[in-house]
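# Structure at a glance
One-letter residues, chain by chain:
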Amino acid sequence: AHSGYHHSQIRENMNRLLPVDVIRELGAEGVYKELLPVFYSTSGNTTTIQSSRNVGRGIAEKLKDSGVDAVILTST
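Structure report, in brief. Please read these numbers as outputs of a predicted model, since none were measured by experiment.

## Things to note about helix α3 (residues 49-65)
Counting along an α-helix, one turn takes 3.6 residues, and residues three or four places apart therefore face a common direction. With 17 residues, α3 extends 24 Å between its outermost C-alpha atoms, agreeing within 8% with the 24 Å of an ideal straight helix rising 1.5 Å per residue. Looking one or two residues beyond α3, the residue adopting positive phi is Gly 67, at roughly 80 degrees.

Structure, rendered in structure tokens:
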């Protein structure tokens, strides 16, 4: 639930939030080598700036440790 976010298109097609369909097409074309089998999501609703920084740093560390070279950021 998000009072400032219109989500009707996402309810119709979850690929509009996390565009796995397009990402897999790009993989089939050889644009990238491998897709990490997990995704990370955060809640920013009333989260303090310091907490957000801590979460972001933790996610960045996990991505780096997994050898990730690039990420896709989507709006929620």
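Structure shown, so let's carry the discussion forward.
## Let's talk about a nonpolar patch on the surface
Residues Val 22, Leu 26 and Val 31 make up a contiguous nonpolar surface patch of roughly 230 Å² in combined accessible area. With respect to the element layout, Val 22 can be found in helix α2 (residues 20-28).

## Considerations on the pattern of salt bridges
If you walk through the whole model with that rule in mind, you get 1 salt bridge. Here Arg 16 makes a salt bridge to Asp 21, at a shortest N to O gap of 3.4 Å. The class of Arg 16 is partly exposed, set by a relative accessible area of 43%. Asp 21 sits in the partly exposed class, given a relative accessible area of 28%.

The rules behind each value
- Residues numbered from 1 in each chain as written.
- Predicted model: local features only at pLDDT ≥ 70, side-chain atom pairs only at ≥ 80, totals over all residues.
- Heavy atoms only, no water.
- Helix = DSSP H or I, 4+ residues; strand = E, 2+ residues; numbered from the N terminus.
- Expected span 1.5 Å × (residues − 1).
- Patch = residues over 30% accessible without salt bridge, like charges linked within 9 Å, V, L, I, M, F, W, Y side chains within 5 Å.
- Areas by Shrake-Rupley, 256 points an atom, 1.4 Å probe, with all protein chains shown as cover.
- Salt bridge = Lys/Arg side-chain N within 4 Å of Asp/Glu carboxyl O.
- Buried < 20%, exposed > 50% of the residue type's maximum accessible area, 1.4 Å probe, protein only.

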